[in-house]
Each structure stands twice: as C-alpha cells, then as structure tokens.
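Fold and geometry: a report
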Amino acid sequence: MQKRKKPTVAAIYALGLTVLVYSLLFPLEGFGDFLKCALLAWAVYALVGAITKKDPTRQAPEEPVKEEPKKPEEPRKPKEPDKPAADPELAAMLEQGQQAMAKLQALLDGIRDYRVSAKIKQIEALTGAILRQVERSPDKLKAVRQFMNYYLPTTLKLLEQYVQLQDVGLKGENIQSGMAQIEALLDKVIVAFQKQLDGLFAREVVDITADIRVMEQMMAQNGLTDRQDFHV
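Residues numbered from 1 in each chain as written. Predicted model: local features only at pLDDT ≥ 70, side-chain atom pairs only at ≥ 80, totals over all residues. Heavy atoms only, no water.

**Quick word on the packing of helix H3 (residues 88-110) against helix H4 (residues 114-136)**
Between H3 and H4, the least distance of the axes is 10 Å, while the angle of their chain directions is 165°. For the element pair H3 / H4, the angle class is roughly antiparallel. Pair H3 / H4 crosses with left-handed handedness. Between H3 and H4, the residues in contact are Leu-90, Met-93, Leu-94, Gly-97, Gln-98, Met-101, Leu-104, Gln-105 and Leu-108 and Ser-117, Ile-120, Lys-121, Ile-123, Glu-124, Thr-127, Gly-128, Leu-131, Val-134 and Glu-135, respectively. Each residue belonging to the contact of H3 with H4 can be placed in one class, and the counts come to 10 nonpolar, 6 polar and 3 charged. (Axes fitted to C-alpha atoms, helices over the stretch in contact; angles between N-to-C directions. Helix = DSSP H or I, 4+ residues; strand = E, 2+ residues; numbered from the N terminus. Parallel < 35°, antiparallel > 145°, perpendicular 65-115°, else oblique. Left-handed = near helix turned anticlockwise from the far one by under 90°. Contact = heavy atoms within 4.5 Å. Nonpolar A, V, L, I, M, F, W, Y, C, P; charged D, E, K, R; others polar.)

This is the structure in structure tokens:
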C-alpha cells in the first residue's frame, strides 16, 4: 500500500491565496461562483504542488572525496653492477700461489745461512708481485702457467732439500756439493723470476710508449715545446 503524499506548504498557501484574491475580485453570490473559485484554487494548488514537489529520483550531491596526501617516493637505489663470475682457473692459481708463499715463509725460518735467507726473501717478494699482477689482470694468467706449474714448485722442492742437507750433523762432500749447487741456482732463480715479472708489463709499456709519442707530437704541433727530435 502506497503512502499518501502530504501537500507541500507552498501549494496550501497558493490555494488560500487564490481563494482570497478571487473573492476580492469577483462576488461569490451563487453556487456557480463558488464552483469556479474552487476549480481555480484547485488548479493553482495542483500546479504549485507539482512545481515544488521533490524529485524522488534526485540524489543528494555526493560529498567530495578527500584525497590522502601522497607519501613521498623513496629514492631508488642505484642498481649494483653485476659482478663478473669468478674464474675457477684463476682462483686455483691464486690458492696455489698463497700456499707456495706460506711454504717459503716456513722454509725461511729454518735457514741458518743469512745469504740464503736473503735470496729466499727476494724470491718471496717476486712471487707475491707476480701473483698480485695476475690477480689484477686475469688475462695474464696464461703467461704464468709454466712459472706456477714448474718453476715455483721446483724451487720449493730444492729449498726443502737444502734444509734437509743443512740439518745433517756431519757434512760430507756430497752434502756440501748439493748445498752449494742449490745456493748457486737461487741466483739464477731470482733472475728468472724478475724476468717473469717484467714480462707481465710488456703490454703496459707498449701503451705507455704510444701515449708518450702522441703527446710529444701534439705538443710540437701546438708550439708548446722547442724540441723537434720527437720520434714519429
């Protein structure tokens, strides 16, 4: 059952005002006059009611949605560069070199001849320099394979034999000859290790020479030097 709609206040006021105005303008003497007044008042009432009636389909205006303040974006962390994969051959060579260095230290503690000790220290320093250079430039690994696989381990073997001969109580002719040969060989080992280390810098020297020549030529062309004997 539908509920009866209540008349609006404006419609009621319009009805009464219409009756009042009509009665002032036209005399109400008979039934016909009252009927005309009633019809006119009803028409005004209906018109005003229709105008002032609320539209049931009209929705209340939506309240504006309050936007939450945006949180400042966290600065993006720079992407870390990918680390190159470790070369297993290089890692094995460096491990072998560290073990050789440890053996040289142990042998050094057992040598009583200060001259031999000094030579071992030189060999140790050269070995460390070679390892560091290959670690910085792994492309030089091929150049030290023979050094690592033969020269260094053979040197360690000879030094171990030297310590064994040194620790013998009575030194005969063979023992003294063996020790003397090893001592003489150490000088050659030092020279060989020095050449091995120097050879690892051959490419760098070529680059240095090229840079120097280019720079000298540019300085001469720009009048920045009085020397004219630069090599082209």
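**A few points about the pattern of salt bridges**
Across all of its chains, the model carries 4 salt bridges by this definition. As a salt-bridge pair, Glu-89 and Arg-145 come within 2.8 Å of each other at their nearest N and O atoms. Of the two residues, Glu-89 sits in helix H3 while Arg-145 sits in helix H5 (residues 145-166), which places them 56 residues apart along the sequence. For Glu-89, a relative accessible area of 36% puts it in the partly exposed group. (Salt bridge = Lys/Arg side-chain N within 4 Å of Asp/Glu carboxyl O. Buried < 20%, exposed > 50% of the residue type's maximum accessible area, 1.4 Å probe, protein only.)

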